[in-house]
Amino acid sequence: MAKEKVTPRAKRTRPLKAPGPYNELGQCSPLGEELGRCSPGGENCAGVVSVHNVMISACLAGINCVYDGTNKFNPVFASLYKSGEAIVFCPEALGGLKARPHAPSEIVGGDGFAVLEDRAKVLSKDGKDVTSFFIKGAKKVLALVKKHHIKKVILKSKSPSCGCGFIYDGTFTKKLIPGYGVTAALLKKNGIEVVSDEE
């Protein structure tokens, strides 16, 4: 009796996870305590050391930190993180917007530079003013950049935090305008090189 031929199932891609204890950003200690919910005083289980020259938006490394609970996986950037060559971060999570999913946000009245100068606000689609979360997150990212002597930061395009060159216009209609997100603007003001993932 002939055996029934079994067709192998296609492999599913899963969000990237760092080995050992990790937080919701996939980042291990020693940054764990700064980013939250990592084992306090844990070992350097993900190969994160004090000498790096690049930081990457966490969603690009395959970590589910986009507002809708998904990621923006890019194999090149994920490889940099997995190999220990890059540190990942999410300004919105660092600023306190950790619950996923939540309503999307856009800058209304300008771009990130205007937000930092109190001339514009970041509003969620359901009308909440979330400006303070975005500013807090941007400041924490800048502190990490300075602490780890980062030379370059690769940011997710169009984001109200990480947008680099173009952002959405605040109407939630996917219309783009020239400008920078809040974190991108703060980094540029401090002389840090920022690059869009689409460049």
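What this report covers is the structure whose coordinates are included nearby.

## Side note on the side chain of glutamate 106
Reasoning step 1: Tracing the backbone through its elements, the reader meets glutamate 106 in strand β3 (residues 105-108).
Reasoning step 2: Here glutamate 106 sits buried without a salt bridge, and the closest side chain of opposite charge, lysine 174, lies 6.1 Å off (N-O distance).
Reasoning step 3: Among the polar contacts made by the side chain of glutamate 106, one reaches the main-chain amide nitrogen of threonine 171 at a distance of 3.3 Å.
Reasoning step 4: With residues up to four places along the chain from it excluded, the contact list for glutamate 106 reads Lys121, Val122, Leu123, Pro160, Tyr168, Asp169, Gly170, Thr171 and Phe172.

## Notes on the sheet that holds strand β8 (residues 193-196)
Reasoning step 1: Read across the open sheet, the four strands follow the order β2-β1-β5-β8; overall the sheet is parallel. Pairing within the sheet leaves two strands with one partner each, and these edge strands are β2 (87-89) and β8. Averaged over all pairs of adjacent strands, the angle between strand axes in this sheet comes to 25°, irrespective of strand direction.
Reasoning step 2: The pairing of strand β5 (residues 152-155) with β8 spans four bridges and is classified as parallel. Bridging from a neighbouring strand, lysine 152 pairs with glutamate 193 of β8.

Quick notes on the rules
For every chain, the first residue of its written sequence is number 1, and the numbers climb from 1 along that sequence. Selection of residues for local features in this predicted model requires a pLDDT of at least 70, selection of side-chain atom pairs for listing and counting requires 80 or more, and totals for whole chains, interfaces and linings are taken over all residues. Hydrogens and water molecules were not included; the side-chain quantities draw on all heavy atoms of the structure. Every helix listed is a DSSP run of H or I at least four residues long, and every strand listed is a run of E at least two residues long, numbered separately from the N terminus. Only protein chains enter the accessibility calculation, which uses a 1.4 Å probe. A residue is then buried if its area is under 20% of the maximum for its type, exposed if over 50%, and partly exposed in between. All tallies of charge rest on Lys and Arg as positive and Asp and Glu as negative; His and the ends of each chain are not included. We define a salt bridge as a side-chain nitrogen of Lys or Arg found within 4 Å of a carboxyl oxygen belonging to Asp or Glu. The term polar contact refers here to a pair of N or O atoms within 3.5 Å; inside protein, the definition further demands a hydrogen-donor-capable atom paired with an acceptor-capable atom, and it admits residues adjacent in sequence only when both atoms are side-chain atoms. Every residue pair with non-hydrogen atoms within 4.5 Å of one another is taken to be in contact. Whether two strands pair depends on DSSP finding at least two bridges between them. Only the stretch in contact is used when a helix axis is fitted, and all axes are lines through C-alpha atoms; the angle between N-to-C directions ranges over 0 to 180 degrees.

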